Amino acid sequence: MYGEQSQDKTETQKADDIRAERAYQRSLGNVPDQKAVDPWGTARGDEASKKRAAPPKSVVKHSSKAKSGSTPN
């Protein structure tokens, strides 16, 4: 019950615990490696992932001169 001291384990219980731990460690070796996960991949779609993989395009610089005939608002 709660508050009582736990009894010492018997030799068979200790051996069972050791066997269970070894089996657990062996089972971890059977798990295949996982590839990287992109949780937002479906939201972005295929085009966005292709754009990210492409090298950045050169930036076009615009002239700082104001166009004639336009009035500021």
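Residues numbered from 1 in each chain as written. Predicted model: local features only at pLDDT ≥ 70, side-chain atom pairs only at ≥ 80, totals over all residues. Heavy atoms only, no water.

To continue, consider the overall build of the chain. On a plain count of helices and strands, the chain comes out with 3 helices and 0 strands. Burial analysis of the chain (73 residues in total) assigns 0% to the buried set. Surface exposure of the chain reaches about 8200 Å², of which carbon and sulfur atoms provide 53%. (Helix = DSSP H or I, 4+ residues; strand = E, 2+ residues; numbered from the N terminus. Buried < 20%, exposed > 50% of the residue type's maximum accessible area, 1.4 Å probe, protein only. Areas by Shrake-Rupley, 256 points an atom, 1.4 Å probe, with all protein chains shown as cover.)

Of the residues in the chain, 59% have a pLDDT of 70 or more, and the chain-wide mean is 76. The least confident element of the chain, judged by mean pLDDT, is helix 3 (residues 46-53) at 59; the most confident is helix 1 (residues 11-29) at 94. (pLDDT = per-residue confidence, 0-100.)

The full count for this structure, using the stated rule, is 3 salt bridges. Residue R19 pairs with D16 through a salt bridge whose shortest N-O separation is 3.0 Å. You can see R19 and its partner D16 sitting in helix 1, 3 residues apart, about one turn around the helix. Classification of R19 by relative accessible area gives exposed; the value is 51%. (Salt bridge = Lys/Arg side-chain N within 4 Å of Asp/Glu carboxyl O.)

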